[in-house]
Amino acid sequence: MLALVDGNNFYVSCERVFRPSLFGRPVVVLSNNDGCAISRSNEAKALGIRMGQPWHEFRHLERTAGVVALSANFELYGDMSHRVMALLGRHAPGQEVYSIDECFLDFQGLPGDLVALMRQVRAEVLQQTGIPVCVGLGPTKTLAKLGNHIAKSAERKPDRYPASQAQVCHLGALSPRQRQVLFTATEVGEVWGIGPQVAARLNAAGVHTVSDLLAHDAAALRQRFSVVLTRTLRELQGTPCLALEDAVQARQQIKCSRSFGASVLDLPSLVEAVSTFASRAAEKLRRQASLAGAVQVYLRTNPFRTHDEQRSRTWTTPLARPTDDTQRLVQAAVRGLEAAYTAGYRYAKVGVTLLDLQAATHCQEELPWIASGNAPAPDRGPLMKAMDAMNQRYGKGTIAVASTGATRPERHWVMRQERRTPRYTTQWDELPEVRA
Amino acid sequence: MYSIFSAALPPGRPRALLPRPAPVAVLGGCVQAGFPSPAEELGGQRVDLNHVLIHHPEATYLMRVRGDSMVDAGIGDGDTLVIDRAIKPCHGHVVVAVVDNDFTVKTLWQRDGQVKLAAANPRFPDIVPREGQTLEIWGVVTNAIKHFCV
């Protein structure tokens, strides 16, 4: 039996642990650079604030409805996530951490009442971390996910589902009739793996709810839709098709991008930003012991400033030899930027993506006669190792490539985070205060 | 251990031990000599404060103290508190409570059906919850760390 556990409104819940005054108020966490809503309290949802809605669209609610908007505090969320995941991982033989706020637990071979166990685990997580979670249980990942959706909705919208399913919903422990009631009340678009487009096509074909989908003929479904949907259907019927992935898989690409605090016109500032992002991506690359075969740079203007002239460009620079050397990656990124840059636009965002990743252990050496002429500088593995160790020990950016401009006092492209709360659990100088 | 030199050497001026560079012979390989260390087999681990102060790492948080209502309990302004949320609060525990949306540190007093938060300084009154008001305990204080000027 599998469980999917996730934190309710996770980022907002993390903020509330250390600021009790936020309970009962509409709270929103904004994405990097205070752009869009990425986490909303139930009170904020009730005001109609949508996921991903740009801040400038609902800014007026700050005054009229007492909305509290906060800049994302990812150091805090990351630490709270570690705490929650560690507590959850203790109760099951298998765990797959699926994202910062959700994980699958595998109870295979474990006897006992899983609903009772998960209610107790839920109380333990809430007590020890202050984070409320919801739990869905089922014989497959897709059913566990669906159970989680029902558990969450039953808590928030009591008219939709029976209150007994709130917080913990075990689809594998219900009678076929009870399951039928829940599936009839659940729209097909809520099923994991069915995106908005497929949901619209299903609706057009008369399939509106999960029970409609289950009543459908699998062979007919396979003909009209993709194999993925057939697999989803089999998972909904209780046949596992998706295995638990214990180990975190090495990423296929590494991306580092930000919107600017203020729009940027000049190339030197963009070079600083691109160098910084390439350095950060190189650090992540070395952490997963991979090499990159190509560097992609991307820059664009602000699409919300409709009166500005718009421009968006991507440039990929292939590398003669895959590398994890910061300096080579920064060089390639800056070369790409220079190719993609045209003066006269107000740039709002740049990004660096490392592509064509491969394990550092099976790197293909280039043929010597191709390399001859401009023999590339040897990779400086020990130097990179020393750089990572120093940056970890003495703080980010202690040692950096000079083109990042790290030593310049004013880098106006840096992120805007005007509303970030203190990093309560990861910075000695930012601990919460307690009155005595 | 630090040795503190007298004024014989001018402070801040490096001084060569030898007037000229001297060659030093380096031997490759290991040399087995003397007795084996008697401590080797006992394999003692150096004391780790994290192990001593923190029993439930996922449930442990740090907070900084502002104010002096707890001085008689040994908790002063600027101290750092270690708070364990896995411990069930009981009578006599020093706790962090939420009072009017602020964190406050007091001693939990729970006797004869009465609950209050007691200060450890005669200048501060106890906090008694009003009728119908619930007392929210955020966590139990297990240690206070004092910082001295060095």
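Just so we're clear, the structure is a prediction, and the values are computed from it rather than from any experiment.

A. Up close: the overall build of chain B. Broken down by element type, chain B carries one helix and six strands. In chain B, the order of α-helices and β-strands from amino to carboxyl end is α-β-β-β-β-β-β. Relative to its 150 residues, chain B shows a buried fraction of 25%. Sequence separation of 24 or more characterises 53% of the internal contacts of chain B that already satisfy a separation of 6 or more. Of the roughly 11500 Å² of accessible surface on chain B, a fraction of 58% belongs to carbon and sulfur atoms.

B. Representation of the interface of chain A and chain B within the structure. Contact with chain A, which involves 23 residues of that partner, is made by 28 residues of chain B. Summed over both partners, the interface of chain A with chain B buries about 2300 Å², with 54% contributed by carbon and sulfur atoms. Seen at the junction of chain A and chain B, the total is three salt bridges. A salt bridge links B:Asp102 to A:Arg435, with the shortest nitrogen-to-oxygen separation between them at 2.9 Å. Viewed at the interface, chain B and chain A are joined by 17 residue pairs in polar contact (both at pLDDT 80 or more). Elements supplying a minimum of two residues to the side of chain A that touches chain B: helix 1 (10–18), helix 5 (74–89), helix 6 (114–129) and strand 14 (433–435) of chain A. Along the lines of polarity and charge, the residues of the side of chain A that touches chain B split into 12 nonpolar, six polar and five charged. With three bridges joining them, strand 14 of chain A and strand 1 (residues 60–66) of chain B adopt parallel strand pairing.

C. Broad picture of the packing of helix 13 (residues 267–287) of chain A against helix 14 (residues 326–340) of chain A. Residues and elements named next belong to chain A. Helix 14 packs onto helix 13 with a crossing angle of 140° between their chain directions and a minimal axis gap of 8 Å. Here helix 14 runs oblique to helix 13, going by the angle between their axes. Helix-helix and strand crossings are classified by hand; for helix 13 and helix 14 the assignment is right-handed. Together, Leu267, Leu270, Val271, Val274, Ser275, Ala278, Ser279, Ala282, Leu285 and Arg286 of helix 13 and Thr326, Leu329, Val330, Ala333, Val334, Leu337 and Glu338 of helix 14 make up the contact between the two elements.

D. Broad picture of the side chain of B:Arg85. Within the secondary structure layout, B:Arg85 lies in the loop between strand 2 (80–84) and strand 3 (94–99). Among the polar contacts made by the side chain of B:Arg85, one reaches the main-chain carbonyl oxygen of A:Gln127 at a distance of 2.9 Å. Non-local contacts of B:Arg85, meaning those with residues more than four positions away in its chain, are made with A:Val17, A:Leu126, A:Gln127, A:Gln128, A:Thr129, A:Gly130, B:Ala59, B:Tyr61, B:Trp138 and B:Gly139.

E. Expanded view of a nonpolar patch on the surface. A surface patch of nonpolar side chains, amounting to about 280 Å² of accessible area, comprises A:Met390, A:Tyr394 and A:Ile399. Its place among the elements puts A:Tyr394 in helix 16 (residues 381–394).

F. Spotlight on the nonpolar core. Among the nonpolar cores identified, the biggest contains 52 residues, and A:Met80, A:Leu88, A:Leu105, A:Met118, B:Val105 and B:Trp138 are the most heavily contacted of them. A per-element tally of this core places helix 5 of chain A first, with seven residues. Contact partners of A:Met118, with chain neighbours within four places excluded, come to A:Val5, A:Leu105, A:Phe107, A:Val135, A:Leu137 and A:Val168. A:Leu285, A:Leu329, A:Val352 and A:Val401 belong to the second-largest nonpolar core, a separate cluster that totals 33 residues.

G. Broad picture of the sheet that holds strand 5 (residues 94–99) of chain A. Residue and element names in this part refer to chain A. Ordered by their spatial adjacency, five strands build an open sheet running 5-6-1-7-8, and the pairing between neighbours is mixed. Of all strands in the sheet, those with a lone pairing partner are strand 5 and strand 8 (168–170), marking the two edges. Across the sheet, the axes of successive neighbouring strands diverge by a mean angle of 15°, strand direction being ignored. Two elements, strand 1 (residues 2–7) and strand 6 (residues 102–106), share five bridges in a ladder whose sense is antiparallel. Residue leucine 4 lies in a different strand from strand 6, and its bridge partner there is phenylalanine 104. Set on the sheet, helix 6 makes contact with strand 1, strand 6, strand 7 (133–138) and strand 8; between it and strand 7 the angle comes to about 160°.

H. Up close: the sheet that holds strand 2 (residues 27–30) of chain A. All names here are of chain A. A sheet is described by the order of its strands in space; here three strands give the open sequence 3-2-4, paired in mixed fashion. With one partner strand each, in any of the chains shown, strand 3 (37–40) and strand 4 (68–71) form the two edges of the open sheet. Averaged over all pairs of adjacent strands, the angle between strand axes in this sheet comes to 30°, irrespective of strand direction. Here strand 2 pairs with strand 4 via four bridges, running parallel. From the neighbouring strand, valine 27 faces strand 4, where its bridge partner is valine 68.

I. Here's a closer look at the environment of A:Gln165. Residue and element names in this part refer to chain A. Within the secondary structure, glutamine 165 is located in the loop between helix 7 (141–156) and strand 8. Judged by its relative accessible area of 9%, glutamine 165 is buried. Through-space distance from the C-alpha of glutamine 165 to that of asparagine 148 is 9.7 Å; in sequence the pair is 17 residues apart. Setting aside residues no more than four positions away along its own chain, glutamine 165 makes contact with Ile150, Ala151, Ala154, His170, Leu174 and Leu182. Side-chain polar atoms of glutamine 165 contact the side chain of serine 164, separated by 3.5 Å.

J. Examining the packing of aromatic side chains more closely. Residues and elements named next belong to chain A. Within this structure, the stated rule accounts for 15 aromatic pairs over all chains. For the pair tryptophan 55 and phenylalanine 58, a centre-to-centre distance of 5.2 Å together with 70° between the ring planes defines the contact as edge-to-face. Of this pair, tryptophan 55 and phenylalanine 58 both sit in helix 3 (residues 55–58), three residues apart, which is roughly one turn of that helix. When sorted by exposure, tryptophan 55 lands in the same class as phenylalanine 58, which is buried.

K. Expanded view of the confidence of the model for chain A. Confidence in the prediction for chain A averages 87 pLDDT; 91% of positions are at 70 or higher. Confidence over residues 366–373 of chain A falls short of pLDDT 50; this stretch has five contacts with residues more than four positions distant or in other chains.

L. Quick look at the pattern of salt bridges. Overall, the coordinates contain 21 salt bridges over all chains when judged by the stated rule. With a closest N to O distance of 3.1 Å, A:Glu433 and B:Arg66 form a salt bridge. Remark: B:Arg66 occurs in strand 1 and A:Glu433 occurs in strand 14; the pair is interchain, linking two chains. A salt bridge links B:Arg123 to B:Asp68, with the nearest nitrogen and oxygen atoms 3.7 Å apart. Of the two residues, B:Arg123 is situated in the loop between strand 5 (114–118) and strand 6 (136–145) and B:Asp68 in the loop between strand 1 and strand 2; the sequence distance between them amounts to 55 residues. In this structure B:Arg123 comes out as exposed when scored by relative accessible area, which is 61%. One salt-bridge network, held together by shared partners, links A:Glu75, A:Arg420, A:Arg423 and A:Glu430.

M. Here's a closer look at the confidence of the model for chain B. Residues and elements named next belong to chain B. Residue-level pLDDT values for chain B average 83, and 71% of them are 70 or greater. Segment residues 3–9: pLDDT under 50, and one contact once partners within four positions in sequence are set aside and those in other chains are kept. Among the prediction metrics, the complex's ipTM stands at 0.74, with pTM recorded as 0.73.

Parameters at a glance
- Sequence order as written defines residue numbering, which begins from 1 separately in each chain.
- Chain letters start at A and ligand numbers start at 1, both assigned in the order the entries are written.
- With pLDDT at 70 or above as the cut-off, local features in this predicted model cover only qualifying residues; side-chain atom pairs require 80 or more to be listed or tallied, and sums for whole chains, interfaces and linings still use all residues.
- Values reported for side chains reflect all heavy atoms of the structure, with hydrogen atoms and water molecules removed beforehand.
- Helix and strand assignments come from DSSP, with helices taken as H or I runs of at least 4 residues and strands as E runs of at least 2, each series counted from the N terminus.
- When accessible area is computed with a 1.4 Å probe and restricted to protein chains, residues below 20% of their type maximum are described as buried, those above 50% as exposed, and intermediate ones as partly exposed.
- By definition, residues are in contact when any of their heavy atoms lie within 4.5 Å.
- Each accessible area is a Shrake-Rupley result for a 1.4 Å probe, and residues are judged covered by the shown protein chains and nothing else.
- Buried surface area refers to the total accessible area, computed with a probe of radius 1.4 Å, that the two partners give up upon joining, counted for both partners together.
- Only one rule defines a salt bridge in this text: a Lys or Arg side-chain nitrogen within 4 Å of an Asp or Glu carboxyl oxygen.
- Within 3.5 Å is the distance limit for a polar contact, defined as a pair of N or O atoms, with the added protein rule that one can donate a hydrogen and the other accept it, and that residues adjacent in sequence qualify only through two side-chain atoms.
- Each residue is assigned to one class: nonpolar for Ala, Val, Leu, Ile, Met, Phe, Trp, Tyr, Cys and Pro, charged for Asp, Glu, Lys and Arg, and polar for all the others, Gly among them.
- Being paired, for any two strands, means DSSP has found at least two bridges between them.
- The angle between two axes is taken between their N-to-C directions and runs from 0 to 180 degrees, where each axis is a line fitted to C-alpha atoms and a helix contributes only its stretch in contact.
- Small angles under 35 degrees read as roughly parallel and large ones over 145 as roughly antiparallel, with 65 to 115 read as roughly perpendicular and the rest as oblique.
- Take the far helix as the reference: if the near one is turned anticlockwise from it by less than a right angle, the crossing is left-handed, and if turned clockwise, right-handed.
- Residues enter a patch when their relative accessible area is above 30% and they make no salt bridge; the linking distance is 9 Å between like charges and 5 Å between nonpolar side chains (Val, Leu, Ile, Met, Phe, Trp, Tyr).
- Only buried residues count toward a nonpolar core. Its members are Ala, Val, Leu, Ile, Met, Phe, Trp, Tyr and Cys residues joined through side-chain atoms within 4.5 Å.
- For Phe, Tyr and Trp, rings pair up if their centres lie within 6.5 Å, where Trp contributes its six-membered ring, and each pair is then called stacked (planes under 30 degrees apart), edge-to-face (over 60) or tilted (otherwise).
- Note: pLDDT gives the predictor's confidence per residue, expressed from 0 to 100.

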